[in-house]
There are 2 protein chains.
Amino acid sequence: MVSGGARAVARCDELGVAPYSDAPDMLFRAYLTPAFAAAQRAIAGWMIEAGMTTRIDAAANLVGRYEGLEPDAPPLIIGSHIDSVRDAGRYDGPLGVMLGIEAVAALHAAGRRMRFPIEIYAFGDEEGSRFATAMLTSRAVAGTLEPGMLDIADARGISLDEALAPFELSDLKFAEARHPGALAYLEAHIEQGPALEALGLPVGVVTGIAAQLRYIVTVTGVAGHAGTSAMTLRSDALAAAAEMVLAIERIAREDASDLVATVGRMEVAPGAPNVVPGKVVFTIDIRSGDQARRDRAAAAILTALRGIAAHRGTGFTSEQTNDLAASPCDPRLMDLLEAALVAQGVAPHRLVSGAGHDAMILAALCPTAMLFIRCAGGISHNPAEHADPADAEIALRVMLGFIERLDAL
Amino acid sequence: MVSGGARAVARCDELGVAPYSDAPDMLFRAYLTPAFAAAQRAIAGWMIEAGMTTRIDAAANLVGRYEGLEPDAPPLIIGSHIDSVRDAGRYDGPLGVMLGIEAVAALHAAGRRMRFPIEIYAFGDEEGSRFATAMLTSRAVAGTLEPGMLDIADARGISLDEALAPFELSDLKFAEARHPGALAYLEAHIEQGPALEALGLPVGVVTGIAAQLRYIVTVTGVAGHAGTSAMTLRSDALAAAAEMVLAIERIAREDASDLVATVGRMEVAPGAPNVVPGKVVFTIDIRSGDQARRDRAAAAILTALRGIAAHRGTGFTSEQTNDLAASPCDPRLMDLLEAALVAQGVAPHRLVSGAGHDAMILAALCPTAMLFIRCAGGISHNPAEHADPADAEIALRVMLGFIERLDAL
């Protein structure tokens, strides 16, 4: 008999191709598309098989429910997302949903019920790969939607309301997906990074989601003719920006912690081969699990950049466009998860999540815990994404241990 | 009455705004656009006013012709270009065309005809700001088009042939713009550099055009999630490219001659703030009046870039897209131009052109001469570009003196 972990991985693989992808030659399953609806139908079937009742909530999340001994007790929510980026891997999101179903299936097979009900949420929109706003559906569940957030359309001009219509839903009632109150939220997710693999560990306890700062920087030099502007008389915005990119990399490397800093977007103007660049605009993204460390690095980076601009005589402005606080997981739940992990013979390791997850949204609703699963090479958002069935099986056993321990509190 | 030089400058100013620019808030007039066609119509009117007949040739160059006493004699061509870079100055190109028209207007007003006809060419594509290949239209006139050179498309995917259609032209007949044979080519152009201003001279005689090499470089790293890719494990294509930009600048500075090297265009992919760049493409433009010096610098740059790529473990390819030999002006014509200049009371000064010009292409057709006009601060390819009407008037008189001397040979 195949293990629950292996079956969870196999079901992710099954969901990786038509009719569960909207693209013929790669995995792309965006919120509210035909492939999305097909995936919901398949997953609902597996939920029913595992002993659950199912429903689609007002935000088009698929929810499976396994009753507890105390039917009115606030439930443990186990969830992740089933939408994907374009040309995605198969495990980012679905693996957490499939493992939740396997956990319930195992309890159901053993005739076990907890005091609390268990609800498995297959969130609809985490990636934001169709509409501009990500994590829309966990926001609805957590009750943290903001005004105007639903007034969005996809690249083809289809509004959220129009996209909801085939599901017999409407943006007017979207906020009714808000959850009445939960005991806890547990999410299993591939790490999307190389740390567990480097340590030789199948799973790890997430301490929280990194604090993030984002800036837009503008460097202004003087555009000039590439053939006639003597090297000594130039004010080259790109040369200045290049020095800045290296300073950002150096400061982040010197920190030698979980801190990361990235220049991901850069535009060079006027952008002709025969013109010395007069203006460069670029983004900086700085993250760390430790908010103070992040802020110190940001200050060091901005100081270095101002120094480079002053030295080169270029203009420099920076604008902060994002400031996301660190979202720590619940210390008590982390201890429960770690105890369950140690009981499976895994060396305990705690790590911060550089990426955002539905868990950081659900933290507004209830205490949260996250379990990271090793993924090959740390590769994600890429068809080469890979999770090992044996690791998934360990994750499943840790989740079951966590549920037992939560029930025993 | 306004002087011819001042009128030439004023007409450049007139051509600097709508409807002669394709952008509402800056000057951008690319080859074969609506603004380009509008400029041709205005300039053709001025040519007719100056006593010329006009036509559009097979490469969409506007040509005005002022007959000579010997109608079948090979003509003196006076020309420059009317296309511009993005966010351009108003004098780079158009001033040479306007001064040519003023020279003919002065002869016409005086009832003077030379033995030879005079043709004023307003070249269509010198900057290469729409299609990748620059100086396409002077190449057509000089008969130096190469196979495949017309098989090009702009950034929106519009082919040269499609862009020619509104002008009732086709790439199939483009080469028919080839000139049957000319006596000489004269081009007046702003210096686009600071030498004449530093010497306090309004105009100078150009000895030749610097040798130029151009490359497209592709740096390939590994795209990754900005939040989960640890600094030590990244292969960031932009950080590698930044190091390369600084190496190029350093090598060009160390040369401490007329050598210049420029990274003018850079594209970063995928170009999202939360993704570590996986690929960067940039251009390198290297120029010197001394071809061997240029080639030594290019070799040093490519060696340095390969070293950076190897050190960082990124992919690296470079493709040479341009190799323009140094193009000397004709010694006899230089002497005529200098004699005309001295007759205007200007101290003689000869200088090399770092920028390429249509003159270097026309050298394949006939002997060439170029007159540089002082421009404020050496600034060009920039809206701050400025030419003094008094300098333009001196340039006009030098050109008329050159024409007289050529006629007297």
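Calculation rules
- Residues numbered from 1 in each chain as written.
- Chains lettered and ligands numbered in written order.
- Predicted model: local features only at pLDDT ≥ 70, side-chain atom pairs only at ≥ 80, totals over all residues.
- Heavy atoms only, no water.
- Axes fitted to C-alpha atoms, helices over the stretch in contact; angles between N-to-C directions.
- Helix = DSSP H or I, 4+ residues; strand = E, 2+ residues; numbered from the N terminus.
- Parallel < 35°, antiparallel > 145°, perpendicular 65-115°, else oblique.
- Left-handed = near helix turned anticlockwise from the far one by under 90°.
- Contact = heavy atoms within 4.5 Å.
- Nonpolar A, V, L, I, M, F, W, Y, C, P; charged D, E, K, R; others polar.
- Buried < 20%, exposed > 50% of the residue type's maximum accessible area, 1.4 Å probe, protein only.
- Pairing = 2+ DSSP bridges.
- Phe/Tyr/Trp six-rings, centres within 6.5 Å; stacked < 30°, edge-to-face > 60°.
- Buried area = accessible area lost by both parts, 1.4 Å probe.
- Salt bridge = Lys/Arg side-chain N within 4 Å of Asp/Glu carboxyl O.
- Polar contact = N/O pair within 3.5 Å; in protein donor to acceptor, adjacent residues only side chain to side chain.
- Core = buried A, V, L, I, M, F, W, Y, C linked by side-chain atoms within 4.5 Å.
- Right-handed = clockwise from strand over helix to strand, strands pointing away.
- Expected span 1.5 Å × (residues − 1).
- Domains from an automatic or database assignment.

Asker: I keep staring at the packing of helix H3 (residues 94-109) of chain A against helix H11 (residues 389-408) of chain A and nothing clicks. Help me out?
Answerer: Pairs of packed helices are described in terms of their axes, by the angle between the two and the distance that separates them. Residues and elements named next belong to chain A. It is at 10 Å that the axes of H3 and H11 come closest, and there the two elements cross at 60 degrees. By the angle class used here, H3 and H11 are oblique. In the packing of H3 onto H11, the handedness of the crossing is right-handed. Contacts between H3 and H11 involve Leu-95, Leu-99, Gly-100, Glu-102, Ala-103, Ala-106 and Leu-107 from the former and Ala-392, Ala-395, Leu-396, Met-399, Leu-400, Ile-403 and Glu-404 from the latter. Residue classes in the contact of H3 with H11 are distributed as 11 nonpolar, one polar and two charged.

Asker: Even after reading the chapter, I still don't get the pairing of strand E16 (residues 368-373) of chain B, so can you show me in this structure?
Answerer: Consecutive side chains of a regular strand alternate in pointing toward one face of the sheet and then the other. Residue and element names in this part refer to chain B. Counted residue by residue, E16 has six buried out of six residues, so it is predominantly covered. By the alternation rule, side chains of E16 split into Thr-368, Met-370 and Phe-372 and Ala-369, Leu-371 and Ile-373, which are all buried. By the bridge criterion, three bridges tie strand E6 (residues 203-209) to E16 in an arrangement that is antiparallel. The residue bridging Val-205 from the neighbouring strand is Leu-371, located in E16.

Asker: Honestly, the packing of aromatic side chains in this entry has me stumped. Any pointers?
Answerer: Any two aromatic rings considered together are summarised by their centre-to-centre distance and by the angle between their planes. Residues and elements named next belong to chain A. Under the definition given, this model contains eight aromatic pairs over all chains. Taking the centre distance of 6.4 Å and the plane angle of 55 degrees together, the rings of Phe-123 and Tyr-185 count as tilted. Within this pair, whereas Phe-123 is found in strand E4 (residues 118-123), its partner Tyr-185 is found in strand E5 (residues 184-190), the two being separated by 62 residues in sequence. In this structure, Phe-123 and Tyr-185 share a single accessibility class: buried. Through pairs of rings, three or more aromatic residues link up here, namely Tyr-31, Phe-36 and Phe-167.

Asker: Looking at this structure, how should I read the interface of chain B and chain A?
Answerer: Many descriptions give the size of an interface as the accessible area lost when the pieces come together. Taken together, the contacts link 51 residues of chain B with 50 residues of chain A. Roughly 4100 Å² is buried in total at the junction of chain B and chain A, and carbon and sulfur atoms are behind 63% of that figure. Of the charged contacts in the structure, one is a salt bridge between B:Arg312 and A:Glu249, with a shortest N-O distance of 2.6 Å. One can count nine residue pairs in polar contact (both at pLDDT 80 or more) joining chain B with chain A.

Asker: Can you help me understand the nonpolar core in this one?
Answerer: Note on soluble globular proteins: their nonpolar side chains tend to be buried together. In terms of nonpolar packing, the biggest core is built from 106 residues, with B:Tyr31, B:Ile43, B:Leu95, B:Leu99, B:Ile101, B:Ile118 and B:Leu160 touching the most fellow members. If we skip the residues at most four places from it in the chain, B:Ile43 touches B:Leu15, B:Leu62, B:Ile82, B:Val97, B:Met98 and B:Ile101. A:Leu32, A:Ile77, A:Cys329 and A:Ala392 belong to the second largest nonpolar core, which has 103 residues in total.

Asker: Is there a simple way to explain the pairing of strand E3 (residues 76-81) of chain A in this structure?
Answerer: Residues and elements named next belong to chain A. Counting buried residues in E3 gives six out of six residues, a clear majority hidden from the surface. Residues Leu-76, Ile-78 and Ser-80 of E3 are buried on one face, and the alternating residues Ile-77, Gly-79 and His-81, pointing to the opposite face, are buried as well. Taken together, the six bridges between E3 and E4 define a ladder with parallel strand orientation. When the bridges of E4 are listed, Leu-76 appears paired with Ile-118. Each parallel crossover has a hand, and the one from E3 via H3 to E4 is right-handed.

Asker: Just checking my understanding: could you explain H11(A) for this structure?
Answerer: Residues spaced three or four apart along an α-helix point in a common direction, a consequence of the helix completing one turn every 3.6 residues. In this model, H11(A) (20 residues) spans 29 Å end to end at C-alpha, consistent with the 28 Å of a helix rising 1.5 Å per residue. If you check the start of H11(A), you find a side-chain oxygen 2.9 Å away from the backbone N of A:Ala390, and it comes from A:Asp388.

Asker: Can you walk me through unusual backbone geometry in this structure?
Answerer: Excluding glycine, a negative phi dihedral is what most residues carry, and trans is how most peptide bonds are arranged. With an omega dihedral of 5 degrees, the bond running from A:Ala18 to A:Pro19 counts as a cis peptide bond. Along the chain, the position of A:Pro19 falls in the loop between helix H1 (4-14) and helix H2 (34-49). Within the chain, A:Glu168 stands out as a residue other than glycine whose phi angle is a positive 55 degrees. With respect to the secondary-structure elements, A:Glu168 resides in the loop between helix H5 (160-164) and E5. Even without a glycine there, the phi angle at B:Ala60 is positive, about 65 degrees. Within the secondary structure, B:Ala60 sits in the loop between strand E1 (53-56) and strand E2 (62-66).

Asker: I keep staring at the packing of helix H9 (residues 331-343) of chain A against H11(A) and nothing clicks. Help me out?
Answerer: Residues and elements named next belong to chain A. Remark: H9 packs on H11, axes separated minimally by 8 Å, with the N-to-C direction vectors making an angle of 130 degrees. One element, H9, and the other, H11, form an angle in the oblique class. Once H9 is placed against H11, the crossing between them reads as right-handed. Residues Leu-333, Leu-336, Leu-337, Ala-339, Ala-340, Leu-341 and Ala-343 of H9 touch H11, and the partners they reach there are Val-398, Gly-401, Phe-402, Arg-405 and Leu-406. Among the residues making up the contact of H9 with H11, the classes are represented as 10 nonpolar, one polar and one charged.

Asker: I keep staring at the domain arrangement of chain A and nothing clicks. Help me out?
Answerer: All names here are of chain A. Considered domain by domain, chain A is made up of domain 1 (4-209 + 326-408) and domain 2 (211-324). Here the C-alpha centroids of domain 1 and domain 2 sit 37 Å apart. Contact residues are listed per partner, giving five residues for domain 1 and six residues for domain 2. Summed over both sides, the interface of domain 1 with domain 2 buries roughly 390 Å², with 52% coming from carbon and sulfur. The largest share of the area that domain 1 buries against domain 2 comes from Ala-326, Val-352 and Gly-354, three residues that together contribute 83% of it. Counting the contacts that link domain 1 with domain 2 gives zero salt bridges. In this assembly, domain 1 and domain 2 are joined by two residue pairs in polar contact (both at pLDDT 80 or more). Classifying every residue of the side of domain 1 that touches domain 2 by side-chain character gives four nonpolar, one polar and no charged.

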